[in-house]
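Working through the structure, step by step
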Amino acid sequence: MRRASVVAAVTAALVLTGCAEPADPAPTASAPASPSASVAATPTPTPTPTPSPSPSVPSTPEPAPTVTPSPSATQEPPPPQADASASSLQVLVNKRRPLQPQDYVPEVVAVSISRDVDGGGEWVRPEVDAALRELDAAMRAELGEGLHVFSSYRSFARQTELYNGYVASSGQAAADRTSARPGHSEHQTGLAVDVVGTSGQCRLDVCFGGTAAGRWVAAEAWRFGFVVRYPDGLQGITGYHYEPWHLRYVGTDVSVAMHGQGTRTLEEHFGAGSAPDYG
Ligand SMILES: [Zn+2]
C-alpha cells in the first residue's frame with residue numbers, strides 16, 4: 001500500500017497540470033467576469049470541423065506526405081493535421097504550442113450535466129456540452145453512474161491571475177511546476193473539462209483512474225469525441241503527469257481514429273512532436 005506516496009504524487013501532479021484550479025476556489029460575491037459576457041444563447045457554427053489540407057498548416061506532419069500530383073487525387077486522405085487556430089475543435093495546445101491568439105475567448109454555454117455550481121458555474125463550447133450530455137446518458141445507462149464536471153472553461157485573464165500569483169509567491173520555476181502559463185492552458189479553449197463520477201469518488205485525484213467511473217470514461221469517452229488528454233506515463237510527450245480526470249473534446253473524427261489506431265496522445269496523432277516543457 002503506497003497510499004501516502006500516491007497522495008503526495010497526486011498533489012504534485014495536480015499542481016503540475018495547470019489544469020486544476022485551487023481545489024477550493026475562493027468564493028466571490030459576484031460572478032466571475034469571464035464567461036458571462038460571451039455566453040452564447042444559440043450554438044454557433046463550428047469553424048472547420050474537418051481537417052483541411054490548408055496551406056497554412058504549421059509543422060511537419062510525421063508521415064511524410066507523399067507527392068500529391070493534383071488536388072483531385074483520390075488515393076489516401078491527407079495525414080491528420082493539428083490545427084493552429086484556437087477556435088478549431090482539433091487545436092493542439094501544449095507547452096510548445098500556445099493558443100493563437102493567446103487571449104482567445106470561445107463562445108461558451110453553461111454545462112448542462114451535473115456540475116459544480118459555486119465559483120461561477122461551469123462553461124464549455126456548445127459542441128462539448130452536447131457531447132457531454134450523450135456521454136453522461138450512456139454512462140448512466142451502462143454503468144449506473146453519471147458524470148460530474150468540476151472545472152471547465154478558464155479565461156486568459158483568470159489563468160494570468162493564477163500564474164502570476166504563483167510567480168509572485170514562489171518564483172517562475174516553481175510557478176511553471178504549478179500552473180500553465182497564460183495562453184498555454186487547454187482549459188482556455190472551452191474544449192476541456194475536469195470530471196469525476198457523480199459519486200464524487202477520487203475527485204481531482206489520480207485514483208479516479210481506478211474507479212468504476214474513471215475506468216468507464218477511459219474506455220468509452222472516445223465514442224463521444226473525447227480523449228483522456230494526459231495518459232499515465234506519457235508526460236515526456238504531453239508535458240503533464242497523469243490526469244485521468246482531464247478530458248479534451250476533439251470530435252469523433254479524431255477520437256475514433258485514435259482509438260482505432262491505439263494512439264494515446266494528440267501529439268502523436270498529429271505527428272506534432274513531444275512537448276515535455278516550454279522549450
Ligand atoms: Zn483539466
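Let me sum up the structure you'll find in this document.

Reading guide: rules and limits
- Residues numbered from 1 in each chain as written.
- Predicted model: local features only at pLDDT ≥ 70, side-chain atom pairs only at ≥ 80, totals over all residues.
- Heavy atoms only, no water.
- Helix = DSSP H or I, 4+ residues; strand = E, 2+ residues; numbered from the N terminus.
- Buried < 20%, exposed > 50% of the residue type's maximum accessible area, 1.4 Å probe, protein only.
- Contact = heavy atoms within 4.5 Å.
- Areas by Shrake-Rupley, 256 points an atom, 1.4 Å probe, with all protein chains shown as cover.
- Pairing = 2+ DSSP bridges.
- Salt bridge = Lys/Arg side-chain N within 4 Å of Asp/Glu carboxyl O.
- Arc of directions from axis to C-beta.
- Phe/Tyr/Trp six-rings, centres within 6.5 Å; stacked < 30°, edge-to-face > 60°.
- Lys NZ or Arg CZ within 6 Å of the ring centre and 35° of its normal.
- Axes fitted to C-alpha atoms, helices over the stretch in contact; angles between N-to-C directions.
- Disulfide = S-S within 2.5 Å.

Section: the overall build of the chain
- In terms of regular secondary structure, the chain is built from nine helices and six strands.
- Residue burial in the chain is summarised as follows: out of 279 residues, 46% are buried.
- Considering only intrachain contacts with a sequence separation of at least 6, the fraction spanning at least 24 residues in the chain is 71%.
- As displayed, the chain offers around 13,100 Å² of accessible surface, 56% of which is attributable to carbon and sulfur atoms.

Describing the pairing of strand 4 (residues 192-197)
- When you tally the buried positions in strand 4, you get six out of six residues, the bulk of the element.
- Both faces of strand 4 are covered, namely the face carrying Ala-192, Asp-194 and Val-196 and the face carrying Val-193, Val-195 and Gly-197.
- As defined by bridge partners, strand 3 (residues 147-151) adjoins strand 4 across four bridges and the pair is classed as antiparallel. Bridge pairing in strand 4 links Leu-147 to Gly-197.
- Looking at chain direction, strand 4 and strand 6 (residues 243-249) are connected through three bridges and run antiparallel. Bridge assignment links Asp-194 to a residue of strand 6, and that residue is His-246.

As for the pattern of salt bridges
- If you walk through the whole model with that rule in mind, you get eleven salt bridges.
- Taking the shortest distance from any N to any O, the salt bridge between Arg-125 and Glu-127 comes out at 3.3 Å. Neither residue differs from the other here; Arg-125 and Glu-127 are each classed as buried.
- Taken together, the shared-partner salt bridges connect Glu-186, Arg-229, Arg-248 and Glu-267 into one network.

Points about unusual backbone geometry
- Here the bond from Gln-100 into Pro-101 is cis, since omega is 0 degrees, no more than 30 degrees from zero.
- Along the chain, Pro-101 falls in the loop between helix 2 (33-36) and strand 1 (109-110).
- Non-glycine residue Cys-202 carries a positive phi angle of around 65 degrees.
- Note that Cys-202 resides in the loop between strand 4 and helix 6 (212-220).

Quick notes on helix 6
- Here helix 6 has its buried residues at Ala-213, Gly-214, Trp-216 and Val-217. The buried residues of helix 6 occupy an angular sector of 165 degrees when projected down its axis, which confines them to one face.
- Of the surrounding elements, those touching the buried residues of helix 6 are helix 3 (126-143), strand 3, strand 4, strand 5 (226-230) and strand 6.

A word on the packing of aromatic side chains
- The full count for this structure, using the stated rule, is three aromatic pairs.
- Centre to centre, the rings of Phe-226 and Tyr-249 are 5.2 Å apart; their planes meet at 70 degrees, and the pair counts as edge-to-face. Of this pair, Phe-226 sits in strand 5 while Tyr-249 is found in strand 6, placing the two residues 23 residues apart along the sequence. With respect to class, Phe-226 is no different from Tyr-249; both count as buried.
- Across from the ring centre of Tyr-240, 4.7 Å away, lies the NZ or CZ of Lys-95, which sits over that ring.

Quick word on the sheet that holds strand 3
- With antiparallel pairing, four strands are arranged side by side in an open sheet as 3-4-6-5. Looking at which strands have only one partner, the edges of the open sheet turn out to be strand 3 and strand 5. Direction aside, the axes of adjacent strands within the sheet are offset by 50 degrees on average.
- In the packing of helix 3 onto the sheet, the strands contacted are strand 3, strand 4, strand 5 and strand 6, and the crossing angle to strand 3 comes to about 140 degrees.

Focus: the state of the cysteines
- Considering all chains together, one arrives at one disulfide under this definition.
- Between Cys-202 and Cys-207 runs a disulfide, and the two sulfur atoms are separated by 1.9 Å. Residues Cys-202 and Cys-207 share a disulfide whose torsion about the S-S bond is about -115 degrees; that sign makes it left-handed.

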